[in-house]
Amino acid sequence: MPQSKPAAKTGLLSDASRAEIDRWIAKYPPDRKQAAVMAALRIAQDQNGGWLSVDLIEAVAQYLEMPPIAAHEVATFYTMYDLKPVGRHKVCVCTNISCQLNGSARIMDHLRKKLGVKPGETTPGGKFTLKEVECLGACGGAPMMMVDKTYYENLTPEKVDQILDQLE
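Notes on the structure follow. This structure is a prediction, so every number in the text was calculated from the model and none was measured.

### Some details on the overall build of the protein chain
- Counting its regular elements, the protein chain contains seven helices and four strands.
- Ordered by position in the sequence, the α and β elements of the protein chain form the string α-α-α-α-β-α-α-β-β-β-α.
- Dimensions of the protein chain along its principal axes, counting C-alpha atoms only, are 65 × 35 × 25 Å.
- Scored against the burial criterion, the 168 residues of the protein chain give a buried share of 40%.
- Contacts in the protein chain between residues far apart in sequence, at least 24 positions, make up 61% of those at least 6 positions apart.
- Carbon and sulfur atoms provide 55% of the accessible area of the protein chain, an area that totals close to 9500 Å².
- Here the protein chain carries 20 positive and 20 negative side-chain charges, and the mean point of each set is 1 Å from the other.

Given below as structure tokens:
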């Protein structure tokens with residue numbers, strides 16, 4: 001009896017997402033399209049309100065013609081990907097060495113108290129998700145955080161409050 005092919009999940013990717021992924025694929029040799037996996041996962045995550053479902057990760061894998069487990073490995077390894085729904089604003093605090101030496105623990109403690117959540121949790125009402133992340137590449141401005149896609153450097157608790165208070 002012939003084996004049936006798995007149902008195509010690539011339809012979960014919007015036309016706009018597929019077009020953007022195709023632009024990334026074009027940057028690599030034709031036989032290396034899987035190299036676009038990180039960009040493709042980011043695009044799929046953005047399309048989905050900031051998080052990746054198992055089906056969406058598998059849709060990316062199918063689109064890039066790679067084993068689903070390989071896409072899952074990338075999505076679960078890097079802190080930039082979220083595997084459950086997130087708040088309207090994702091607050092990512094760098095806690096790597098430069099930020100740590102310059103007070104990121106104080107910033108994280110302040111955010112935990114202000115938002116009433118621990119890292120990995122979302123505030124009631126879904127406004128903020130707090131994340132502790134590895135290096136965001138802004139060591140010269142430590143301590144720093146990224147809110148959505150914007151970097152904020154040289155943080156103090158007061159500056160954090162100003163930033164968060166300006167968000168809808």
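### Here we look at the pattern of salt bridges
- The tally for this structure, following the rule as stated, stands at 13 salt bridges.
- Asp165 serves as the salt-bridge partner of Lys114, at 3.5 Å between the closest nitrogen and oxygen. Of this pair, Lys114 sits in helix α6 (residues 104-115) while Asp165 sits in helix α7 (residues 157-165), and the two are 51 residues apart along the sequence.
- Asp165 sits in the exposed class, given a relative accessible area of 57%.

### What to know about the pairing of strand β2 (residues 128-133)
- Most of β2 is tucked away, with five of its six residues classed as buried.
- As judged from the six bridges shared by strand β1 (residues 89-94) and β2, these two strands associate in the parallel manner. Following the sheet pairing, Val91 is matched in β2 by Leu130.

### Thoughts on the layout of surface pockets
- Within this model, the largest pocket holds a volume of roughly 550 Å³.
- Contributing elements (two or more residues each) for the lining of the largest pocket: α2 (37-47) and β1.
- Partitioned by chemical class, the residues of the lining of the largest pocket number ten nonpolar, five polar and seven charged.

### Description of the environment of Met108
- Checked against the element boundaries, Met108 lands in helix α6.
- Separated by 49 residues in the primary sequence, Met108 and Pro157 have C-alpha atoms spaced 9.2 Å apart.
- With near-sequence residues (within four places) excluded, Met108 lies in contact with Val93, Thr95, Pro119, Leu130, Lys131 and Glu132.

Calculation notes
Residues numbered from 1 in each chain as written. Predicted model: local features only at pLDDT ≥ 70, side-chain atom pairs only at ≥ 80, totals over all residues. Heavy atoms only, no water. Helix = DSSP H or I, 4+ residues; strand = E, 2+ residues; numbered from the N terminus. Buried < 20%, exposed > 50% of the residue type's maximum accessible area, 1.4 Å probe, protein only. Contact = heavy atoms within 4.5 Å. Areas by Shrake-Rupley, 256 points an atom, 1.4 Å probe, with all protein chains shown as cover. Lys, Arg positive; Asp, Glu negative; His and termini not counted. Charge placed at Lys NZ, Arg CZ, Asp CG, Glu CD. Salt bridge = Lys/Arg side-chain N within 4 Å of Asp/Glu carboxyl O. Pairing = 2+ DSSP bridges. 1 Å grid on protein atoms, 1.4 Å probe; cavity = no way out; pocket = protein on both sides within 12 Å on 5 of 7 lines; lining within 4 Å. Points joined across faces, edges and corners; volume = space filled by probe spheres on them. Nonpolar A, V, L, I, M, F, W, Y, C, P; charged D, E, K, R; others polar.

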